[in-house]
Structures are given as structure tokens and as C-alpha cells.
Amino acid sequence: MDVPTYSAEDAPIPTGEIVIERASTAQDLGPRLNRTAADVVRFLLTNGEMVTATQSLTDDMIMMFADDIGAEIKLVDPGEEQEVELRKLLEFDDEDDDEIVDSWPTRPPVITVMGHVDHGKTLLLDKIRSANVVDGEAGGITQHIGAYQIERDGKSLTFLDTPGHEAFTSMRARGADVTDIVVLVVAADDGVMPQTLEALDHAKAAEVPIIVAINKMDREGANPDRVMTQLSERGLVPEAWGGDAIMVPLSAMTGDGVDDLIDNLNLVAEVEDMRATPEGRAAGSVLEAHLDIGRGPVATVLVERGTLNVGDPLVAGAAWGRVRALVNDRGERIESALPSTPVQVLGLNEVAEAGDTFVIAPNEKMASKVADTREHWQRLASLGRDASATSGGAKLEDIFKQIQAGEAATLNLIVKADVNGSLEAVCDSLKKRERDDVKLAFVLRGVGGITENDVQLAAASNATILGFNVRPDRKARELAEQEKVEIRNYEIIYKLLEDIENAMLGLLEPEYEEVVTGEAEVREIFRVPRIGSIAGCMVTSGVITRGSKVRFLREGTIIWKGSIQSLKRFKDDAQEVAAGFECGIGLSDFQDLKEGDVIETYEEREIPIE
């Protein structure tokens, strides 16, 4: 066969290895090799391949054309080239040059607060930043990473508050990865506990300075010497005993000793001389991510280098988007965020994964290409990982019957949570509770309320749905009853894990069940002087009764629980309002009402033991 005559035959062939994406078109391929699309089409036509300029080419077609003109190419999957280029942006060669680093401005230290559950970490931060977070936590424990920045004596300090429960090991490990200083909180009356040692291991692995806050000194039975002895046995010897570990006795309840802790943090930060360049594209870590009604996907990130600006094209894992807004820890909108600044990012196309690295891409096209490629490979990996979940499987109440019969049981689960960090913690904790005779398979793991699609998938795969801080909507609930799909809702992780363990041991006998008695949709908000906000509602199902227990739902996520304080039909007080009628509802201690929110009333009914 005669070699075809190219219209661009005199153009030089590119030297070196040329990276070409698989499934490229003639329009894509030609210019990369200094040829035209017509050249590619004509060559393939003479070789028996009829293609158009916009048709995707096979690997063989691309290689055949490259070999014919003598070009050396490397075929890569779509997005891989951009992935490599984007990763180069995260490789900071200048960080190895001490002279360059010394020229950078100092940055606030990132301080991670760690310790055993209920040892007072969040209360300590409350004293430091004068905000009350504890009351908003279910069961009084912290179940998400919180990021806050304070200013003291003209110096800024960034704090990460990590959960203390053992279930949140991975979240604490992630906190230690981005931290500069660890504050290890130990209760003076309890002493060193399992999660204290675990947190200590994370801090040591991160190779960062550790300051011990010996909390609850106001308690009877407080014994700081016992704490220091226990920590000394773990290699953390206090300065008072000739070691180099700073240990500060304090009381988060009274505030005594808190100023000493902050002074020591400032001192350590000054000695460590932490610096970062505010120049160039920002990069950092995703601490937390969730879906918010009205705002869409929200990611809490920590900027580690560069300056993050509104309008930047950001990519984090398989999520990407142009930054629409930045919100600081005080809820204020800001235009840019410097290194060591925790900030919420709005504008991503989906919920990012907690723990992902984020980077600002050169343009939106690259950001979207890389994110799409990552999503593709994550989807393939997920299909392979969970393929076994859809075959067989038993529901929660049937597990023990299979075990008694001597059969190996598989418990298929659909897990939905309010934020990614909680989802990760719940799933990791559940996997740890697997036994030889009981395997867990996750059919689906996701963020957001429980939907009809979740119920349909559960019915098809014989799965149990576990909701953590989320609720099913009315349609999902009705479909679950129809399809006999079990939905279990939790707000405390201890209870969730106990139920799964009890099911495996044959001990799961719930004493009560929650029965939804009514549902109303907020249509309008009325502001009444000296009373506050009243929700103008339409009762969509059941009956709303004054004094009923209430869950306030936003996009399926529980944002408040309490009771109905007042119920009116027009201007008259009402004892109850049935479906199809309008009413005014006043809630106890809750004013953050928005149109479209759902007020769900329920009661607990005892389940008779058969």
C-alpha cells in the first residue's frame, strides 16, 4: 500500500513522548502530532477504517497513525494527563529551600484538641472562643470536626476540635495530619483512658509538639499527679519532673488555667516558627463536608498554602467547582482565606470526601476533567468492592436465626448520615464489629436524608437502612412500610453500634418504636413581637397535636428536636389539626425557620414482647 501524502507532511514531528488520551477524535489527535484532522481521517480511510473527524478513535487506530508518521506516543485514560499536571501543583520544591521558607511570613498554628470522650475538650474550646457548642451536640459529645480561629494578644490560633469517641478514630487521625500542635485533654479525676492513648499515638505519629491540658481540676477526686505518672509511663514526662512535656492544670468549667494554656500555645508556636507562603494557588485539606439546603454542597477546608479566593476553580477528590462563597467560622462571608484559615467553601458540584486534598486548578476545564476522571475510577472501585452486597444477605432481625442455624450470615446495609465524617466513622466502626459468622456488606453509603431510591435499593438487595442524624421523608417511609424495609434511625453512635452487636448476639429486642403521628410543611414565617417566629404550615399527613414531640427536618436532616409549644387555627388555639388544613405552629426554643422545612410529630409506643 502506498504511504498517503499528508497535507502537512513538511511539518516537523513532535519530539519526545507525546501523551494522548484514549478515545481521542481526529480533531484532538491531529494537532497534537502537528497534523490536521483531515490527515488522520484520510490515513485511516486508506487503511480500511471509515471515521469522521469527531468520532472517537480506538487505541489501535491512534497507534497506527502515530507509527506511520514516526511519532512516539503514550496512551492514557481520559483525565490522567490533567491529573498528573494537577498533582505537580501540590509538589512544593521550594519547601526544601530553607532560605525561601525563611522569607515567608509566619502563619497561625493549627492546634488539634484531642482526648477521651467526655473529658471536656469542647467545653475547653467554649471557654477559649466564648461559644456554646456542647449544648448542640447529641448526648453532649462532639461528632464532627469543628474548626475555629481565635485571636489572643494580637496573635491568631486555629483550633480543630476532634471527636473523642473511639468510633471517630479516622477523623482524629485526619486532624493530626494537618496539625502543628496537639492539646491532649485528660480529666484529672478519670486519668488516662483508652482513647487518650489512641490520641497520643496519633499525635506522636504526626511528630508535633504535645501540650497536656489536665482538665476538671475543680472536681472532687482530681489527681493531676496520677495523670502525670500515667503519661510518663507512655514517654510523656512533664517539665516539672525533668522532662520536656508541658502540662497545664485547668478547669474548662471555671476557666482557671485556660489563659496559661493559651500562653503556652503561643510560646510553642513562636519556638516552632511556622511559616507558609500566601502567594500562588491555594492547596489544603477538606476537614468536613455536608449537603445544606439552599446552599448546596458545603466543604469545611483548611488552607495550608497560598490564598483561597472567591471565584477560584477548586477540585477536591471527585468534587469540583468555582468557589461561589467563602464563610469563616463566625458565619461571615469573606473574599479570601490565608494559610491556616479554616473556611467553608460553597460552589462545589457535589459533596467532597472528608480527608481529601484540595487544590486550585489553572482553569475550570482542568478541574472538571480531573474530578470526572476520579469519579469514574471511584465508581468502578465501589462496584467491585460492593458487588457481593446485592446477592443474598439478611435483614437485621433475621441475622440471629441464621447464626443459630449454623449458617454464615451477611448483613446488607444502606448507611445514610448527615455529613461525610460521620458516615466514615459509622461505616468504619461497623466493619470492626464483623465476626466470622456475620459479615457486613454496604450496599450504599451516602450523605443526606433517606429517600425513596434508598428504600427501593434496600428492597431489591434485602438490606437494612441505618440513618445517622437523618430521617426518611414521608414517601420513603410509606414505601418502606409497603416493601417491609427496616429503617433504623440514630443520633448517638453508641446506640447504633450496640444494636448491631446485639443483633449479632441475638439480643436485639427493641422496647419502643417511634411512630410518626403527623407531618406539616412550613409555607410561611410570621414574626410575632415578644413571642418570636411562628411557622405557617400545611398539615400534609396525620394529625398535628399540641404538646407533641417534634423533629424539625431540613432536606431530611434533623436540625432540632423539641415539642410544639403553641398550635392555632387562624387566631384560635387548637388542640389538634388534621391533614389538609392550615395552622400556625410555635416551637419551644427554636426560631431558625425556613420555607420548605418539615415539622414531624411522633410518639414512642411500647412494643409487646412476643
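Below: a short report on this structure. This one's a predicted model, so the numbers in the text were calculated from it and none came from an experiment.

**A short note on the overall build of the protein chain**
Part 1 of the reasoning: The helix and strand tally for the protein chain stands at 16 helices and 30 strands.
Part 2 of the reasoning: In the protein chain, once contacts between residues fewer than 6 apart in sequence are set aside, the share between residues at least 24 apart is 70%.
Part 3 of the reasoning: Here the protein chain displays about 28,700 Å² of accessible surface, and carbon together with sulfur accounts for 47% of that area.

**A closer look at the packing of aromatic side chains**
Part 1 of the reasoning: Under the counting rule described, the total for this entry stands at three aromatic pairs.
Part 2 of the reasoning: Ring centres 5.6 Å apart and planes at 65 degrees place the aromatic pair F43 and F65 in the edge-to-face group. With F43 in helix α2 (residues 37-46) and F65 in helix α3 (residues 59-69), the pair connects residues that are 22 residues apart, well separated along the chain. Like F43, the residue F65 is buried in the burial classification.
Part 3 of the reasoning: When the centroid spacing of 5.1 Å and the interplanar angle of 20 degrees are considered together, the rings of W560 and F590 count as stacked.

**Concerning the state of the cysteines**
Part 1 of the reasoning: Applying the stated criterion across every chain, the model contains zero disulfides.
Part 2 of the reasoning: The thiol of C583 is unpaired, and the distance to the nearest cysteine sulfur, on C537, comes to 5.2 Å.
Part 3 of the reasoning: Classification of C583 as buried rests on a relative accessible area of 6%.

**What about a nonpolar patch on the surface?**
Part 1 of the reasoning: On the surface, a nonpolar cluster with roughly 260 Å² of combined accessible area is contributed by F526, V528 and I531.
Part 2 of the reasoning: The topology assignment puts F526 in strand β23 (residues 512-528).
Part 3 of the reasoning: Taking relative accessible area as the criterion, F526 reaches 40% and is therefore assigned partly exposed.

**Some points on the sheet that holds strand β6 (residues 181-187)**
Part 1 of the reasoning: Spatial ordering of the open sheet is given by β4-β5-β3-β6-β7-β8, a layout of six strands whose pairing is mixed. Looking at strand neighbours, the two that pair on one side only are β4 (146-152) and β8 (246-249), the edges of this open sheet. With direction set aside, neighbouring strand axes in the sheet form an average angle of 25 degrees.
Part 2 of the reasoning: Sheet analysis places strand β3 (residues 110-115) next to β6, joined by five bridges and oriented parallel. Counted as the bridge partner of I111 is I181 from β6.
Part 3 of the reasoning: This element, helix α8 (residues 194-206), spans β3, β6 and β7 (210-215) of the sheet and lies at about 165 degrees to β6.

**Some thoughts on the nonpolar core**
Part 1 of the reasoning: Counting 25 residues, the largest nonpolar core has L124, F159 and L265 as its most contacted members.
Part 2 of the reasoning: Of all the elements in the fold, those that place two or more residues in this core are β3, α6 (121-129), β4, β5 (155-161), β6, β7, β8 and α10 (258-272).
Part 3 of the reasoning: By residue number, the principal contributor to this core is α10, which donates six residues.
Part 4 of the reasoning: The contacts of L124, once residues within four sequence positions are left out, are V185, A213, L250, A252, V258 and L261.
Part 5 of the reasoning: Residues A299, L314, A316 and A352 belong to the second largest nonpolar core, which totals 20 residues.

Reading the values: the criteria
Residues take numbers from 1 onward in each chain, read along the sequence in its written order. Given that this is a predicted model, residues contribute local features only at a pLDDT of at least 70 and side-chain atom pairs are listed and counted only at 80 or more, while totals for whole chains, interfaces and linings are drawn from all residues. Side-chain figures throughout are based on the complete set of non-hydrogen atoms in the structure, without hydrogens or water. Helical segments are the DSSP runs of H or I of at least four residues, strand segments are the runs of E of at least two, and each set is numbered from the N terminus. Every residue pair with non-hydrogen atoms within 4.5 Å of one another is taken to be in contact. The Shrake-Rupley method, run with a 1.4 Å probe sphere, supplies the accessible areas, and residue values consider only the shown protein chains as cover. Here a pair means two rings of Phe, Tyr or Trp (six-membered ring of Trp) with centres within 6.5 Å. Their orientation is stacked below 30 degrees between planes, edge-to-face above 60, and tilted elsewhere. Burial classes: relative accessible area under 20% of the type maximum marks a residue as buried, over 50% as exposed, and values in between as partly exposed (1.4 Å probe, protein chains only). Sulfur atoms of two cysteines make up a disulfide when they are within 2.5 Å. What goes into a patch is any residue over 30% in relative accessible area without a salt bridge, connected to like charges within 9 Å or, for nonpolar side chains (Val, Leu, Ile, Met, Phe, Trp, Tyr), within 5 Å. The working definition used for a salt bridge is a side-chain nitrogen of Lys or Arg within 4 Å of a carboxyl oxygen of Asp or Glu. Strand pairing is assigned whenever DSSP identifies at least 2 bridges connecting the two strands. The convention used is that axes are lines fitted to C-alpha atoms, helices contributing only their stretch in contact, and that angles between N-to-C directions extend from 0 to 180 degrees. By convention a nonpolar core is built from buried Ala, Val, Leu, Ile, Met, Phe, Trp, Tyr and Cys residues, the set being connected through side-chain atoms within 4.5 Å.

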